[in-house]
Amino acid sequence: MCGIIGYLGRKRAKEILLEGLRRLEYRGYDSAGVGTVEGDGSLAVVRCVGPLDALVEKLSGWNLAGTVGIGHTRWATHGAVTEENAHPQLSADGSILLVHNGVVENFASIAIFLAERGYRSRSETDSEVLANLIAYHCAKEPPQQGRFLDGVRRALLHVRGTYGIAVLGKDFPGEMVGARSSSPLVLGVGDREFFLASDVAGFGSRARDAVFLNDGELVHIRENNFSICTLGRELVEAALEAVEWQEALVEKNGYPHFMLKEIFEQPQALENAMRGRFSADGSSAHFGGLRMSPRELRQVDRIVFCACGSARYACLAAEYAIERFARIPVEVEYASEFRYRNAPMDRNTLVIAVSQSGETIDTLSALREAKRKGYRVLAVTNGVGSSIAREADGGIYQHAGPEIGVAGTKSFTTQLCILTMLALYLGRLRDLSFEEGAEIVQALKDLPRLAEETLRLDEAIRALAVHYASCQSMLFLGRQSLFPIALEGALKLKEVSYVHAEGYAAAEMKHGPIALISKDCPAFFLACDGPMLGKIQANVQEVRARGADTVAIACAGTCEGEPFANRVLTIPRSHPAIQPILATIPLQLFAYHMGVFRDCNVDRPRNLAKSVTVE
Ligand code: F6R
């Protein structure tokens, strides 16, 4: 959601800003713009609606030579998708240029205050109000060093809401100010050049070090240095972290789309997620960053997961594994609901926030709410240095590598993998036997190889997608730990092919959704090996009897002879602990090919954002 990039250095800002915006495209946007401080001190702004190519085209008519600038990809919240509402936003007096990610909740009352003082908004955005508020406060500051920073700081003291901002001032040509409150902002430090971005991808290997700003902090960048302070004017020592960025990971490397590349990266991503995390005796897992002793973990008598979207489905699958291996009761909450629900919880409840980006505002807010009430919160995230990673009491990184496709693929399967390992670890601290633990460890070790084998279904699934490309609606059905995978299969299809899909617990189908069954509504069944196989095969027959096409994902060796569904996709036979991970892969491939055949932008589906930083 909204991407911010800022540059202050010796090179022409325009190209660096455009490159940064390209790298941030994956976050999702509907309009874009850049603004620079030009040699004569003027502020130049170029914005337009639509893809970045349109901005590049428009910019070709502009001779921007400034070496200080800011850029933005906007995902509309306040105000329609128009050029006027795109960023950067220029203050009414032309003195301040701002890009903003987040929502100013009290913008209406600030706008009235400012209008009475001559600062009238032209756009419908809360961000223009913020630009005006900063202009108003900068104008009030006495002419002294630090006036720009103080003006921004004073303005922010009046803001209620969330923001990551980068600000330029007409009267402060060699300066840039950034600030954050619940919307990510990271400073990149290069060789006598600085960057500001919503995430490291914005500058990648152009910067040597990164400083992740904390909430309530401002960064003041000048030509040769920078400083960080709080809204209360206290200086903060910058925690520099080396930028480890491999450009190859954010390129398509011969694949037509990032989504397909990331689906095929899963064997490696799973390997990376597990590396160094098995116990020496081969029966358990261990994690370096939990910051909880085995004794403390044994005292946990309830786990509450908070997450959104696919991450929440990974938690639903983990619920089965944790309850089975560790016998700890688990609840899975929509992070957005948990935050306001005020659910009563016991002292020994452990809260786990799961988020690939580590920046989803609902999950971050749920984490904060749980911490405020005194619960210990762990995080599972792919976002190294993300807000959720930094604010949790401890956690586990997914190590899936950057995911550019908006629809989560390798981020989801690595979450499943990490949570299965966590279930194993908790189980081995309690009642799970050595033998059972060792079996699960072996299954996990086999996982990358079996994922590789499963990917060989690609051609068959492509053919299946040709067959179903014109479908309007589909059902995805599974039982037990495969039920959340059915939910994920339906979500993936909706996201990338815009085909309506529903995921259901297979037996629950009879309590309503069966009314949808017809020859125009095919059903996917997750019919892997295990005690539920007979039951789910019976569910397949119920659907076939009503004339619908059925596709089953089944384990090798379990469906010889007459196929029990119209079409069967065979995945390798495996331990039940890893079946949810393997069964996900064909569903991802199916959604991908459906999206491609239906001419959808599978990497950046309409209206979606990779990192949802507004409530
Ligand atoms: C689905 C998808 C979303 C995310 C959700 C949470 O493909 O990507 O449903 O899972 O927005 O995002 P994170 O995991 O970043 O908190």
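On a predicted model such as this, the values are computed, not experimentally measured, just so you know.

What about the sheet that holds strand β16 (residues 302-307)?
With parallel pairing, the 5 strands of this open sheet are ordered in space as β17-β16-β18-β19-β20. At either margin of the open sheet sits one strand with a lone partner, and together these are β17 (330-334) and β20 (394-397). Sheet twist, expressed as the average angle between the axes of neighbouring strands with direction ignored, equals 20°. Taken together, the 5 bridges between β16 and strand β18 (residues 349-355) define a ladder with parallel strand orientation. Within the sheet, the bridge partner assigned to Phe305 lies in β18 and is Ile352. Contacts from helix α11 (residues 361-372) reach β16, β18 and β19 (376-381) within the one sheet, and its direction differs from that of β18 by about 165°.

Brief notes about the environment of Pro448
Secondary-structure assignment places Pro448 in helix α14 (residues 434-455). The class for Pro448 is buried, based on a relative accessible area of 6%. The spatial distance from the C-alpha of Pro448 to the C-alpha of Leu582 is 9.5 Å, given a sequence separation of 134 residues. Filtering out sequence-adjacent residues up to four positions away, Pro448 remains in contact with Pro267, Glu271 and Met274.

Observations regarding helix α18 (residues 579-597)
Counted at 1.5 Å a residue, the expected span for α18 with its 19 residues is 27 Å, and the 28 Å between its end C-alpha atoms agrees. Along α18, 17 of the 19 residues are buried, which leaves the element largely enclosed by surrounding structure.

Some points on empty space enclosed by the protein
Over the atoms rolls a probe the size of a water molecule, and its path tells where empty space is left. Evaluation of the coordinates by the stated rule reveals 2 cavities of 30 Å³ or more. One number sums up the size of the largest cavity: a volume of about 70 Å³. Residue lining of the largest cavity: Cys2, Arg74, Trp75, Thr77, His78, His87, His100, Asn101, Gly102, Thr125, Asp126 and Ser127, and that is the complete set. Looking at the lining of the largest cavity, the elements with two or more residues in it are β6 (96-101) and α4 (126-140). Per-class residue counts for the lining of the largest cavity are 2 nonpolar, 8 polar and 2 charged. What the second largest cavity holds in volume is close to 30 Å³. Around the second largest cavity, the lining residues are Phe338, Asn342, Ala343, Met345, Glu369, Ala370 and Lys373. Taken together, the residues of the lining of the second largest cavity sort by class into 4 nonpolar, 1 polar and 2 charged.

Considering the nonpolar core
Among the nonpolar cores identified, the biggest contains 97 residues, and Ile303, Phe305, Ile322, Leu444, Phe476, Phe524 and Phe590 are the most heavily contacted of them. Counting the residues that make up this core, at least three belong to each of domain 2 (254-432) and domain 3 (455-602). Excluding residues within four positions of it along the chain, Leu444 makes contact with Met274, Phe278, Cys417, Thr420, Met421, Leu424 and Ile578. Core analysis: the next-biggest nonpolar cluster, separate from the first, contains 33 residues, Ala44, Val46, Leu55 and Phe258 among them.

With respect to the site of the ligand
As a matter of local geometry, the ligand sits amid 14 residues, with Ser355, Gln356, Ser357, Thr360 and Glu495 nearest to it. In this structure, Thr360 approaches the ligand through a side-chain N or O atom, which is 2.5 Å from an oxygen atom. The contact in question runs from an oxygen atom of the ligand to an N or O atom on the backbone of Gly408, over 2.9 Å. Among the detected pockets, the ligand sits in the second largest pocket. The class makeup of the residues in the shell around the ligand is 5 nonpolar, 7 polar and 2 charged. Both of domain 2 (254-432) and domain 3 (455-602) provide at least three residues apiece to the shell around the ligand.

Things to note about the domain arrangement of the chain
What the domain assignment reports for the chain is domain 1 (3-245), domain 2 (254-432) and domain 3 (455-602). The C-alpha centroid of domain 2 is placed 33 Å from the C-alpha centroid of domain 1. Taken together, the 10 residues of domain 1 in the interface contact 13 residues of domain 2. Taken as a group, Tyr26, Ser182 and Phe212 account for 51% of the area that domain 1 buries against domain 2, more than any other trio of residues on that side. Summed over the shared surface of domain 1 and domain 2, the number is 1 salt bridge. Across the pair Asp215 and Arg368 runs a salt bridge, and its minimum N-O distance is 2.5 Å. Here domain 1 is connected to domain 2 by 5 residue pairs in polar contact (both at pLDDT 80 or more).

Remarks on the packing of aromatic side chains
Using the criterion set out here, one finds 11 aromatic pairs in the structure. Consider the rings of Phe287 and Tyr425, whose centres lie 6.1 Å apart with planes at 75°: the pair is edge-to-face. Pair noted here: Phe287 is in the loop between α7 (266-274) and α8 (294-299) and Tyr425 is in helix α13 (residues 410-428), with a separation of 138 residues, a long-range link. The residue whose ring lies beneath Arg117 is Phe113, and the NZ or CZ to ring-centre distance is 3.8 Å. Stacked on the ring of Tyr498, the Lys or Arg Arg606 has its end atom at 3.8 Å from the ring centre.

Points about the layout of surface pockets
Here the largest pocket defines a volume of roughly 1200 Å³. Together, 48 residues line the largest pocket, and Trp245, Asn382, Val384, Gly401 and Pro402 are the ones closest to its centre. For the lining of the largest pocket, the secondary structure elements donating two or more residues are β11 (209-212), β15 (241-242), α6 (258-264) and α7. In terms of residue class, the lining of the largest pocket is made up of 21 nonpolar, 14 polar and 13 charged. No fewer than three residues from each of domain 1 (3-245) and domain 2 (254-432) sit in the lining of the largest pocket. What lines the second largest pocket is a set of 32 residues, among which Cys308, Gly309, Ser310, Glu495 and Val612 lie closest to the centre.

Observations concerning the side chain of Ser183
By the secondary structure assignment, Ser183 is in the loop between β8 (172-181) and β9 (186-189). Of the residues examined, Ser183 reaches a relative accessible area of 0% and is grouped as buried. Of the polar contacts made by the side chain of Ser183, one reaches the backbone oxygen of Asn101; its length is 3.2 Å. Sequence-distant contacts of Ser183, that is, excluding residues within four places in its chain, are made with Asn101, Gly102, Thr162, Tyr163, Gly164 and Thr613.

Criteria and thresholds
- Residues numbered from 1 in each chain as written.
- Predicted model: local features only at pLDDT ≥ 70, side-chain atom pairs only at ≥ 80, totals over all residues.
- Heavy atoms only, no water.
- Pairing = 2+ DSSP bridges.
- Helix = DSSP H or I, 4+ residues; strand = E, 2+ residues; numbered from the N terminus.
- Axes fitted to C-alpha atoms, helices over the stretch in contact; angles between N-to-C directions.
- Contact = heavy atoms within 4.5 Å.
- Buried < 20%, exposed > 50% of the residue type's maximum accessible area, 1.4 Å probe, protein only.
- Expected span 1.5 Å × (residues − 1).
- 1 Å grid on protein atoms, 1.4 Å probe; cavity = no way out; pocket = protein on both sides within 12 Å on 5 of 7 lines; lining within 4 Å.
- Points joined across faces, edges and corners; volume = space filled by probe spheres on them.
- Nonpolar A, V, L, I, M, F, W, Y, C, P; charged D, E, K, R; others polar.
- Core = buried A, V, L, I, M, F, W, Y, C linked by side-chain atoms within 4.5 Å.
- Domains from an automatic or database assignment.
- Near = heavy atom within 4 Å.
- Polar contact = N/O pair within 3.5 Å; in protein donor to acceptor, adjacent residues only side chain to side chain.
- Sits in = over half its atoms within 2 Å of the grid points.
- Buried area = accessible area lost by both parts, 1.4 Å probe.
- Salt bridge = Lys/Arg side-chain N within 4 Å of Asp/Glu carboxyl O.
- Phe/Tyr/Trp six-rings, centres within 6.5 Å; stacked < 30°, edge-to-face > 60°.
- Lys NZ or Arg CZ within 6 Å of the ring centre and 35° of its normal.

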